[in-house]
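As a plain string of letters, each chain reads:
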Amino acid sequence: MTTTTTATPTTTVAVYGTLRAGFGNHYLWAEDPQCSARPGTARVAGFAMYSAWNGGFPYAVPDPEFSIVAELIDVTPECLERLDRLEGYPHHYDRKVVVATTEDGGTIEAWMYFAPAQRAKEIAMDCPIVPSGDWADIGSVGGWDDDEDECPECGGWTDDHERECPLVEVDA
């Protein structure tokens with residue numbers, strides 16, 4: 001009996017926040033047997049990382065002075081659609097092809113999600129920068145508890161938490 005397998009085309013994506021190993025949304029691609037992580041990490045130049053929602057998740061904002069740390073994952077078209085839904089592409093995050101430099105000095109093109117232009121300006125003014133560009137340096141310290149999905153300020157969680165929590169400061 002001959003078994004034939006067909007290779008599924010994959011796309012490389014640079015993930016830098018909650019989609020990385022050890023963070024809350026990692027399962028969205030890691031549980032798919034047709035998706036895989038490349039070894040090590042990579043740097044993507046031309047982006048600064050900002051911490052939103054008190055450390056709940058990051059944004060990459062175009063900035064030529066900085067670079068961010070990412071993991072490179074190979075995903076199927078179906079998985080890319082799941083990631084697009086998570087990231088709210090193209091409204092909440094945009095995505096484009098970037099050049100990532102691997103630990104061994106090689107380069108690879110990969111899709112990466114980043115803040116759209118108008119949101120990027122607001123984020124750069126309102127959110128703290130992650131100086132190292134590595135979300136692993138932030139972890140869940142001061143942010144949402146990945147296991148509990150609760151507000152670090154009051155312990156509550158609702159869809160409209162920004163407006164409802166008296167402890168979360170929201171610009172009027």
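Not measured: the values here are computed from a predicted model.

As a further point, take the nonpolar core. When a protein is soluble and globular, its nonpolar side chains tend to lie buried together. Formed by 40 residues in total, the largest nonpolar core has its most connected members in Tyr-16, Val-44, Phe-47, Ile-68, Val-75, Leu-83 and Met-112. Examining the composition of this core, we find that eight residues originate from one element, strand 4 (residues 57–75), more than from any other. When residues no more than four places from it in sequence are discounted, the contact partners of Met-112 are Ala-14, Tyr-16, Val-44, Phe-47, Ala-60, Ile-68, Asp-94, Arg-95, Lys-96 and Val-98.

This next bit is on the pairing of strand 6 (residues 107–114). On a regular strand, each side chain points to the face opposite its neighbour's, so the side chains alternate between the two faces of the sheet. Two strands pair when backbone bridges link them, and strand 1 (residues 11–15) and strand 6 are joined in this way by two bridges, in the parallel orientation. Looking at strand 6, one finds that Ala-14 is bridged to Met-112. Counting the residues that bridge the hairpin from strand 5 (residues 94–102) to strand 6 gives four residues, and of these Gly-105 lies at a positive phi of roughly 90 degrees.

We now examine the pattern of salt bridges. Any two side chains of opposite charge can pair, given that their charged atoms come close. Under the defined criterion, the tally for this structure stands at five salt bridges. Between Arg-20 and Asp-134 there is a salt bridge, with the nearest N and O atoms lying 2.7 Å from each other. Note that Arg-20 is positioned in the loop between strand 1 and helix 1 (27–30) and Asp-134 in the loop between helix 3 (117–126) and helix 4 (161–164), a separation of 114 residues in sequence. Of the two residues, Arg-20 and Asp-134, neither departs from the other in class, the shared state being buried.

A word on the packing of aromatic side chains. Here the structure, examined in full by the defined rule, presents three aromatic pairs. Relative to Tyr-59, the ring of Phe-57 lies with its centre 5.5 Å away and its plane at 65 degrees, an arrangement referred to as edge-to-face. One aromatic cluster is present, built from ring pairs that chain together Phe-57, Tyr-59 and Tyr-93. Sitting over the face of the ring of Trp-111, Arg-95 holds its NZ or CZ atom 4.4 Å from the ring centroid. Just above the ring of Phe-114 sits the side chain of Lys-96; from NZ or CZ to the centre is 5.7 Å.

This brings us to helix 2 (residues 77–87). What helix 2 keeps buried is the set Cys-79, Leu-80, Leu-83, Asp-84 and Glu-87. The buried residues of helix 2 occupy an angular sector of 145 degrees when the element is viewed end-on, so they sit on one face. Here the buried face of helix 2 lies against strand 1, helix 1, strand 4, strand 5 and strand 6. Gly-88, located one to two residues past helix 2, shows a positive phi value of around 65 degrees.

Bringing the confidence of the model for the chain into the picture now. Of all residues in the chain, 76% have pLDDT values of 70 or greater, and the mean over the chain is 82. Ignoring residues within four places in sequence, the model shows residues 1–7, a span with pLDDT below 50, making zero contacts including any to other chains. In this model residues 140–151 is a low-confidence stretch, pLDDT under 50, and it forms 27 contacts with partners more than four residues away in sequence or in other chains.

Conventions used here
Every residue gets a number counted from 1 within its own chain, in the order that chain's sequence is written. Two thresholds apply to this predicted model, a pLDDT of at least 70 for residue-level local features and 80 or more for giving and counting side-chain atom pairs, whereas whole-chain, interface and lining totals are computed over all residues. Heavy atoms throughout the structure, all of them, feed into the side-chain values; hydrogens and water do not. In these notes, a set of buried Ala, Val, Leu, Ile, Met, Phe, Trp, Tyr and Cys residues joined through side-chain atoms within 4.5 Å is what counts as a nonpolar core. Only protein chains enter the calculation, and the probe is 1.4 Å; a residue is then buried if its accessible area is under 20% of its type maximum, exposed if over 50%, and partly exposed in between. Every helix listed is a DSSP run of H or I at least four residues long, and every strand listed is a run of E at least two residues long, numbered separately from the N terminus. Contact criterion: two residues are considered in contact whenever any of their non-hydrogen atoms come within 4.5 Å of each other. DSSP bridges decide pairing: two strands pair if at least two such bridges lie between them. Note on definitions: salt bridges are taken to be side-chain nitrogens of Lys or Arg within 4 Å of carboxyl oxygens of Asp or Glu. Two rings from Phe, Tyr or Trp (for Trp, the six-membered ring) form a pair when their centres sit within 6.5 Å of each other. Planes less than 30 degrees apart are called stacked, planes more than 60 degrees apart edge-to-face, and all others tilted. Any Lys NZ or Arg CZ that is within 6 Å of a ring centre and within 35 degrees of that ring's normal is treated as a charge sitting over the ring. The arc in question is formed by the directions pointing from the helix axis toward the C-beta atoms. The pLDDT value tells you how sure the predictor is about a given residue, anywhere from 0 up to 100.

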